[in-house]
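Listed below are the residues making up each chain.
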Amino acid sequence: DGIIDFVGMTRRFLADPEYPQKVMENRLEDIRPCLGCLHCMDVRLQNKYVQCRVNPQINRETEVNYKKAEKKKKVLVVGAGPSGMEAARVAAIRGHEVYLYDKNAKLGGLLPLAAMLKEIEIHEITDVIKWFGVQFKKLGVKIKLGVDVTPEVVKQIKPDVIIVAAGGKHSQPAIPGLESAGVLGAGDLHRKIKPFLRFLSPQALEKLTRIYMPVGKKVVLIGGRIHGCETAEFLTKRGRKVTIVDESENLGEGMTGDDKALLFPWFDKKGVIQHMGVKYEVVSKGQLKITDKKGKKLTLSADTIMAALPLSQNKEAMQALKGQAPEVYFIGDCHDPKLIAEATAAGSLTAHKI
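The rules we used
- Residues numbered from 1 in each chain as written.
- Predicted model: local features only at pLDDT ≥ 70, side-chain atom pairs only at ≥ 80, totals over all residues.
- Heavy atoms only, no water.
- 1 Å grid on protein atoms, 1.4 Å probe; cavity = no way out; pocket = protein on both sides within 12 Å on 5 of 7 lines; lining within 4 Å.
- Points joined across faces, edges and corners; volume = space filled by probe spheres on them.
- Helix = DSSP H or I, 4+ residues; strand = E, 2+ residues; numbered from the N terminus.
- Nonpolar A, V, L, I, M, F, W, Y, C, P; charged D, E, K, R; others polar.
- Salt bridge = Lys/Arg side-chain N within 4 Å of Asp/Glu carboxyl O.
- Buried < 20%, exposed > 50% of the residue type's maximum accessible area, 1.4 Å probe, protein only.
- Axes fitted to C-alpha atoms, helices over the stretch in contact; angles between N-to-C directions.
- Parallel < 35°, antiparallel > 145°, perpendicular 65-115°, else oblique.
- Contact = heavy atoms within 4.5 Å.
- Pairing = 2+ DSSP bridges.
- Phe/Tyr/Trp six-rings, centres within 6.5 Å; stacked < 30°, edge-to-face > 60°.
- Disulfide = S-S within 2.5 Å.
- Left-handed = near helix turned anticlockwise from the far one by under 90°.
- Core = buried A, V, L, I, M, F, W, Y, C linked by side-chain atoms within 4.5 Å.

Participant: Residue-level account of the layout of surface pockets, with values.
Facilitator: Volume-wise, the second largest pocket comes out at about 460 Å³. Within the residue set of the lining of the second largest pocket, elements represented by two or more residues are helix H5 (111-118), helix H10 (226-236) and helix H11 (257-270). Of the residues that constitute the lining of the second largest pocket, the class distribution is nine nonpolar, two polar and nine charged.

What follows is the structure in structure tokens.
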């Protein structure tokens, strides 16, 4: 309308370089949301090529070009997390007939849980899930939720290609006494929360956790990488007294530099105790015995001992679907557990192979 002469745009242009064009065409629902996560800045500050969690085309323009496939194929994508959703979207853009299945009742995989945990990023993460849903509808992706894909299901669909993005397996540390000590694993917590996500939004569930959680007041958290640190922040904000322990000496591995700079002083202010570089000795009900990096023996008492460790490869899902179609690919946390950016890229690059 001639009101302004110039618009400056930074991170949102990385998430969707067509942002202005889509605004002019009144296609606001097609604008891929920026998560505001600063992953792009973090990798740049490490002198690496810029990446984006939601746009794997950045710096991969020759590989990710959305060209039509030479032959139309029937593609079954197993798992609707970041890697599976991106694989389904790109495969459909390239002209394939795409079926997207997930055992959960909603799209997103672990993203709704991540949204609940991250709080301030709730809207950005849920907006990305909503954006994928809009794209699937426009592209004609056939979605089936609440279904566990077995070889029998595959026989019914008869796909030419299976892309397995079924997510990783929750890890438990190898500590004597762990199985009998009632340690709450991330998988246990997820199983308790997921039924509520069938009926509640991450926003509503996040508010409810401020009233009640199945976690004691004093928590020893096994795991000091991004998973443990974000869980520690979440629990501390809900009045829990948290102690973090990890065999690694690097607190917050996987987090951006900005997040570390803000979170670690906040931990100190809130009294979050950290024991890094430890050796786990034995765990019993209400106690974890460790040797710290100076060789001192410590006994940590807690109402709840919780494991918050990185995911591991989902060998069970891979074995179940191996060889069930002419082409089978394993992607995302199912094959190589990493962060959202790597999962999204794996989905896009795999969809360009078929």
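Participant: Give a detailed account of the pattern of salt bridges, specifying residues and quantitative values.
Facilitator: Throughout the structure, instances matching the rule amount to 14 salt bridges. Salt-bridge contacts for Glu 206 lead to Arg 210; the nearest nitrogen and oxygen are separated by 2.9 Å. Its relative accessible area of 46% is what places Arg 210 among the partly exposed residues. A cluster of three or more residues bridged by salt bridges with shared partners is formed by Glu 25, Arg 27, Glu 29, Asp 30 and Lys 138.

Participant: Break down the packing of H5 against H10 for me, with residues and values.
Facilitator: For the pair H5 and H10, interaxial distance at closest approach is 9 Å and the crossing angle is 55 degrees. In this view, H5 runs oblique relative to H10, as classed from their interaxial angle. In contact with Met 116, Leu 117 and Lys 118 of H5, H10 contributes Glu 230, Thr 231 and Phe 234. For the contact of H5 with H10, the per-class residue count stands at three nonpolar, one polar and two charged.

Participant: Could you give me a rundown of unusual backbone geometry, with the residues and numbers involved?
Facilitator: Even without glycine at this site, Asn 47 takes up a positive phi of about 65 degrees. A relative accessible area of 65% places Asn 47 in the exposed class. Look at Tyr 66: it is not a glycine, yet its phi comes out positive at around 60 degrees. Its place among the elements puts Tyr 66 in the loop between helix H3 (39-45) and strand E1 (74-78).

Participant: Give me the sheet that holds strand E6 (residues 218-222): which residues, what numbers.
Facilitator: Read across the sheet, five strands follow the order E5-E12-E6-E7-E8 without closing on themselves; strand pairing throughout is parallel. Each edge of the open sheet carries a strand with a single partner, namely strand E5 (184-185) and strand E8 (273-276). Bridge count for E6 against strand E7 (residues 241-246) is five bridges, and the pairing is parallel. Note on E7: the bridge partner recorded for Lys 218 is Lys 241.

Participant: I'd love a proper account of the packing of aromatic side chains, names of residues and values included.
Facilitator: Inspection of the entire model under this criterion finds four aromatic pairs. When the centroid spacing of 6.5 Å and the interplanar angle of 20 degrees are considered together, the rings of Phe 264 and Phe 267 count as stacked. With Phe 264 and Phe 267 both in helix H11, this residue pair falls three residues apart, about one helical turn. Here Phe 264 falls in the partly exposed class, since its relative accessible area comes to 22%.

Participant: Tell me what's going on with the state of the cysteines, and back it up with residues and numbers.
Facilitator: For the coordinates displayed, the defined rule picks out zero disulfides. In this structure Cys 34 is a free cysteine whose sulfur lies 6.5 Å from that of Cys 37, the closest cysteine sulfur available.

Participant: Would you mind going over the packing of helix H4 (residues 82-93) against helix H6 (residues 122-139) in detail, with residue names and values included?
Facilitator: Interaxial distance between H4 and H6 falls to 10 Å at its minimum, and their mutual angle equals 30 degrees. Judged on the interaxial angle alone, H6 and H4 are roughly parallel. As for the relative orientation of H4 and H6, their crossing is left-handed in sense. Every residue of H6 that contacts H4 at Met 85, Glu 86, Ala 88, Arg 89, Ala 92 and Ile 93 is listed here: Trp 131, Phe 132, Gln 135, Phe 136 and Leu 139. Broken down by class, the residue content of the contact of H4 with H6 amounts to eight nonpolar, one polar and two charged.

Participant: I'd love a proper account of the environment of Ala 166, names of residues and values included.
Facilitator: Inspection of the secondary structure assignment puts Ala 166 in the loop between strand E4 (161-164) and E5. Each C-alpha atom, one on Ala 166 and one on Asp 148, is 9.8 Å from the other, the two residues being 18 residues apart in sequence. What Ala 166 contacts, discounting residues up to four positions off in sequence, is Val 78, Gly 79, Asn 314, Ala 317 and Cys 334.

Participant: Which residues make up the nonpolar core, and what are the values?
Facilitator: With 39 residues, the main nonpolar core has Val 98, Leu 100, Phe 136 and Ile 163 as its most contacted residues. Only E1, H4, strand E2 (97-102), H5, H6 and E4 provide two or more residues apiece to this core. Residue contributions to this core peak at seven residues, all from H6. In this structure, Leu 100 is in contact with Val 77, Gly 79, Ala 80, Gly 84, Ala 88, Leu 107, Phe 136, Val 141, Lys 142, Ile 143 and Lys 144, ignoring residues within four places of it in sequence. Core analysis: the next-biggest nonpolar cluster, separate from the first, contains 26 residues, Met 116, Ile 193, Cys 229 and Phe 267 among them.

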